[in-house]
Amino acid sequence: MALPMKSLVTDPDRYLQAFQLFLENSTEHQCMQELVERQLLAVTASIGNGKPAINILNGGGGAGEIDLQIISEVQARYPGLTINNDVIEPSAGQIVKYKERVAKTSNLENVKFTWHEETACEYESRMKKSQKWDLIHMIQVLYYVEDTLATIRYFHSILEAEAKLLIIHSSGTSGWETLWKKYGSSFPRDALCVYVSSADIKRILDSAGLKYQLHDLPSHLDITSCFIEGNKDGELLLDFLTATWEFSKTAPTELKRQVIEELRKPECREEKDAKVLFNNNLSLIVIEP
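Residue positions are given per chain, counting from 1 as you read along its sequence in written order. With pLDDT at 70 or above as the cut-off, local features in this predicted model cover only qualifying residues; side-chain atom pairs require 80 or more to be listed or tallied, and sums for whole chains, interfaces and linings still use all residues. Hydrogen atoms and water are omitted, and side-chain values are computed over all heavy atoms in the structure.

### Description of the sheet that holds strand S10 (residues 282-287)
- Should DSSP find at least two bridges between two strands, the strands are regarded as paired. Strands here are runs of E lasting at least two residues and helices are runs of H or I lasting at least four, both read from the DSSP assignment and numbered beginning at the N terminus. Ordered by their spatial adjacency, seven strands build an open sheet running S3-S2-S1-S4-S5-S10-S6, and the pairing between neighbours is mixed. Strand pairing shows two members of the sheet lacking a second neighbour, strand S3 (111-116) and strand S6 (212-217), which therefore form its edges. Neighbour to neighbour, the strand axes of the sheet diverge by 15° on average, direction disregarded.
- As defined by bridge partners, strand S4 (residues 133-139) adjoins strand S5 (residues 159-170) across six bridges and the pair is classed as parallel. Note on definitions: angles span 0 to 180 degrees between N-to-C directions of axes, and those axes are lines fitted to C-alpha atoms, for helices only across the stretch in contact.

### So, the sheet that holds strand S7 (residues 220-222)
- What the three strands build is an open sheet, ordered S7-S9-S8; its pairing is antiparallel. Each having just a single partner strand, S7 and strand S8 (269-272) make up the two edges of the open sheet. Mean inter-strand twist for the sheet, computed between neighbouring axes without regard to direction, equals 35°.
- Pairing geometry for S7 and strand S9 (residues 275-279), over three bridges, is antiparallel. In the strand pairing of S9, histidine 220 is matched with asparagine 279.

### Some thoughts on the environment of valine 74
- Structurally, the position occupied by valine 74 is in helix H3 (residues 65-77).
- Relative accessible area decides the class of each residue, using a 1.4 Å probe on protein chains only: under 20% of the type maximum gives buried, over 50% gives exposed, and in between gives partly exposed. For valine 74, a relative accessible area of 0% corresponds to the buried category.
- Residues valine 74 and isoleucine 54, spaced 20 residues apart in sequence, show a C-alpha to C-alpha distance of 8.9 Å.
- Any two residues having at least one pair of non-hydrogen atoms within 4.5 Å are treated as being in contact. The contacts of valine 74, once residues within four sequence positions are left out, are Leu40, Thr44, Ile54, Ile56, Ile83 and Leu135.

### Some words on the confidence of the model for the chain
- A residue's pLDDT is the confidence the predictor assigns to it, expressed on a 0 to 100 scale. Here the chain averages 88 in pLDDT, while 98% of its residues score no lower than 70.
- Summarising per-element confidence for the chain, the mean pLDDT is lowest in helix H2 (residues 28-43) (76) and highest in helix H9 (residues 232-242) (96).

### A word on the packing of aromatic side chains
- Classification of ring pairs uses Phe, Tyr and Trp, with its six-membered ring standing for Trp, and accepts pairs whose centres are within 6.5 Å; under 30 degrees between planes counts as stacked, over 60 as edge-to-face, and the remaining range as tilted. For the coordinates displayed, the defined rule picks out 18 aromatic pairs.
- When the ring of tyrosine 15 is compared with that of phenylalanine 240, the centres are 6.1 Å apart and the planes differ by 40°; the resulting orientation is tilted. Note that tyrosine 15 is positioned in helix H1 (residues 12-25) and phenylalanine 240 in helix H9, a separation of 225 residues in sequence. As far as burial versus exposure is concerned, tyrosine 15 and phenylalanine 240 are alike and both buried.
- With a centroid separation of 6.0 Å and 80° between ring planes, the pair formed by tyrosine 143 and tyrosine 144 is classed as edge-to-face.
- The buried category is assigned to tyrosine 143, whose relative accessible area is 13%.
- By relative accessible area, which is 26% here, tyrosine 144 ends up partly exposed.
- Clustering of aromatic rings is evident, with ring pairs tying together Tyr15, Phe19, Phe22, Trp176, Phe240 and Phe278.
- Geometrically, a lysine NZ or arginine CZ counts as sitting over a ring once it is within 6 Å of the ring centre and also within 35 degrees of the ring normal. Its guanidinium or amino end placed over the ring of tryptophan 245, lysine 6 lies 4.4 Å from that ring's centre, counting from NZ or CZ.

### Concerning the pairing of S3
- As paired strands, strand S2 (residues 82-88) and S3 are joined by six bridges and run parallel to one another. Pairing of aspartate 86 across the sheet is with threonine 114, part of S3.
- Here, the term right-handed applies to a crossover whose path from the first strand over the helix to the second runs clockwise when the strands point away from the viewer. Note that the unit made of S2, helix H4 (residues 92-103) and S3 has a crossover that is right-handed.

### A closer look at the environment of alanine 199
- Tracing the sequence through the fold places alanine 199 in helix H8 (residues 198-208).
- For the pair alanine 199 and isoleucine 54, spaced 145 residues apart in sequence, the C-alpha separation works out to 31 Å.

### So, the environment of valine 276
- With respect to the helices and strands, valine 276 occurs in strand S9.
- Distance from valine 276 to histidine 220, taken between C-alpha atoms, is 9.6 Å for residues 56 residues apart in sequence.
- Dropping the residues within four chain positions of it, valine 276 is found in contact with Leu221, Asp222, Ile223, Thr224, Phe227, Arg269, Glu270 and Glu271.

Next up, the structure:
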């Protein structure tokens, strides 16, 4: 009897395996790190002026790689100033990794970390509007919220006067856009995981009348192993690309064939040095108070 298709997020351990493999095979974090180095000083130019401390809220902290770089850039702009860094992260495993990373990182004496093991929606329901923030950043978070506009409006509403809300998300020009707009309705929806691109977010922001800037970030993912039948890494990457648990084993034969065929198309990938590189382009959206 065939196994039923179900969302990858229903199996946290396999999701983390797939996510870690995705990071190892993509330029996602390198691309984000370059972005932080290029853009963050300008973005944070006035958030700490005249203040005894800077309050940073991160929706979706993961294992802390990008968070700590953002903190480092803020420290460079405001040396010696206290930083209160609150992290929203639903995965207990990721929080453990984040804390381990903090323990191994120097120059964090002026940073106070608070971790909230919950989703962005749970945080919103619990906290309401009890505190204002100087910088809020949400990295690849909006796939996991019930109402994209409501979530953006909430986090926008808790910005200080000179603050910024940063959203880093899959680009509307990426292979994700092509794959999910065509086959997303065939992937399981038995858990909260909905594809949203920067193009969708832009339309939402325009309709809401919010002011923002949008910057594109080139990135790619090596999916060569996805075309090798039975390859364990390829199967995990297919799980991540489709947000489906054990996609290779549970997807109908025709759907699997179509997805593999789609991943071969120029709209999704390019070939370089005998590797198949999936278009993983990102967008940075900077929203004003």
